[in-house]
Amino acid sequence: MIEKQQIEARMKRLDEVNKKLADPDVLKDMDTYQELVKERAHLAQFKEQYDQYLEIADEIEEYEEYENSDDEELKTMAETELPILKDKLEKMENKLVTLLIPPDPVDENNAILEIRAGTGGDEAALFAGDLFRMYSRYADIRGWKTEIIEETPTALGGFKEVIFKLKGNGAYGTLKYEGGVHRVQRVPSTEAGGRIHTSSASVVVLPEITRNIQVNINPDDLRIDVYRASGAGGQHVNRTESAVRITHNPTGIVVICQNERSQHQNKEQAMGVLKSKLYEMERKKQEGSMSSKRLSLIGTGDRSEKIRTYNYPQSRITDHRVGFTTYQLNSYLEGEIQELLDFLKAEDIKDQLKEV
């Protein structure tokens with residue numbers, strides 16, 4: 001049963017948010033304004049559900065009075081309607097409990113993904129390319145945009161590393177369960193004997209940090225190097241020192257960006273990735289009380305943390321965290337991964353509800 005103070009706290013917060021949104025000064029800061037709009041939407045949804053819950057509770061109370069009536073027609077009506085209403089009330093209460101879970105402040109943000117080839121040499125790099133295309137195609141299906149931040153392609157068409165941004169509402173909240181080691185079992189095109197090889201690639205998912213989220217970086221902690229970009233880009237990359245490498249000395253984090261045409265743009269992109277990494281690092285420190293299941297779903301950032309296997313001979317994908325298996329490997333690699341993402345999110349909500 002939901003406690004009264006939990007409901008009162010949310011109703012009070014909804015009033016506070018509405019007052020802030022009516023403040024002309026808040027309108028001057030669009031980031032703060034947009035965050036408040038998101039919070040109001042969540043709180044308003046809770047209020048709407050709670051109002052419906054109260055209506056059903058009143059109906060149940062009314063029909064329970066009919067149970068003791070001398071009017072046989074009313075008693076029959078009560079016997080018919082009460083089980084339906086009580087079932088409806090239980091479902092409504094479950095929905096309210098779900099809405100008690102505070103939304104992650106970065107769930108609605110863009111996502112930054114890093115894919116790195118692991119064990120397996122060229123085959124691992126090809127698999128990293130397969131994963132990149134899978135997420136890119138999923139982004140296309142969702143109407144999101146894909147923007148490459150940094151890439152190290154291989155001669156065979158794979159990636160030693162690729163860092164990219166998926167720009168779309170809720171991208172991070174949708175894809176945050178993808179972090180970890182993805183393993184592939186298949187026969188490489190270069191394998192003459194037809195033997196199955198096992199390779200891997202690691203995926204890191206970070207939220208893009210917007211201005212309203214504070215990530216304090218001391219400029220004295222940074223080493224910023226500029227150099228001539230390499231790789232694709234035509235004559236431009238040979239003429240200017242536009243590539244930027246930022247090293248955060250206290251943590252040892254290094255971010256490189258050379259895909260943009262100007263040094264300023266590359267520095268801005270690299271700083272954005274650095275902020276996301278530092279934000280995620282700090283958040284991991286604060287998740288010590290999180291259950292082991294939730295940690296496995298969201299990921300610890302450990303590159304030895306195997307989360308999923310893609311088995312080509314069996315056309316099978318298995319997510320080891322939740323025991324999810326599908327034999328639709330080809331469609332998944334074409335970006336049709338929503339079923340698995342929904343399953344992972346549902347499992348995460350179940351675990352959070354236990355804590356609530």
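Refer to the preceding data block for the structure.
Structure report, in brief. This one's a predicted model, so the numbers in the text were calculated from it and none came from an experiment.

1. Details of the packing of helix 1 (residues 4–21) against helix 3 (residues 30–66)
For step 1, the next point in the chain: Taken N-terminus to C-terminus, the directions of helix 1 and helix 3 make an angle of 140°; their axes are 9 Å apart at the nearest point. Classified by the angle between their axes, helix 1 and helix 3 sit oblique to one another. Judged by the sense of rotation from one axis to the other, the crossing of helix 1 with helix 3 is left-handed. Of the residues in helix 3, those touching helix 1 at Ile-7, Arg-10, Met-11, Arg-13, Leu-14, Val-17, Asn-18, Lys-20 and Leu-21 are Tyr-33, Leu-36, Val-37, Glu-39, Arg-40, Leu-43, Ala-44, Phe-46, Lys-47 and Tyr-50.

2. Quick word on the pattern of salt bridges
For step 1, the next point in the chain: One pass over the structure, following the stated rule, counts 25 salt bridges.
For step 2, the next point in the chain: The salt bridge partner of Arg-308 is Glu-178, with a shortest N-O separation of 2.7 Å. On the criterion of sequence distance, the pair formed by Arg-308 in strand 9 (residues 306–311) and Glu-178 in the loop between helix 6 (171–175) and strand 4 (180–186) is long-range, its members being 130 residues apart.
For step 3, the next point in the chain: In this structure, the salt-bridge partner of Asp-319 is Arg-321, at a minimum N-O distance of 2.7 Å.
For step 4, the next point in the chain: Taken together, the shared-partner salt bridges connect Glu-114, Arg-116, Glu-161 and Lys-277 into one network.

3. Considerations on the side chain of Glu-123
For step 1, the next point in the chain: By secondary structure assignment, the location of Glu-123 is in helix 5 (residues 122–142).
For step 2, the next point in the chain: Using a relative accessible area of 10% as the deciding quantity, one classes Glu-123 as buried.
For step 3, the next point in the chain: A distance of 2.3 Å separates the side chain of Glu-123 from the side chain of Arg-186, its partner in a polar contact.
For step 4, the next point in the chain: Those residues in contact with Glu-123 that lie beyond four places of it in its chain are Arg-186, Pro-188 and Ser-199.

Cut-off values and rules
- Residues numbered from 1 in each chain as written.
- Predicted model: local features only at pLDDT ≥ 70, side-chain atom pairs only at ≥ 80, totals over all residues.
- Heavy atoms only, no water.
- Axes fitted to C-alpha atoms, helices over the stretch in contact; angles between N-to-C directions.
- Helix = DSSP H or I, 4+ residues; strand = E, 2+ residues; numbered from the N terminus.
- Parallel < 35°, antiparallel > 145°, perpendicular 65-115°, else oblique.
- Left-handed = near helix turned anticlockwise from the far one by under 90°.
- Contact = heavy atoms within 4.5 Å.
- Salt bridge = Lys/Arg side-chain N within 4 Å of Asp/Glu carboxyl O.
- Buried < 20%, exposed > 50% of the residue type's maximum accessible area, 1.4 Å probe, protein only.
- Polar contact = N/O pair within 3.5 Å; in protein donor to acceptor, adjacent residues only side chain to side chain.

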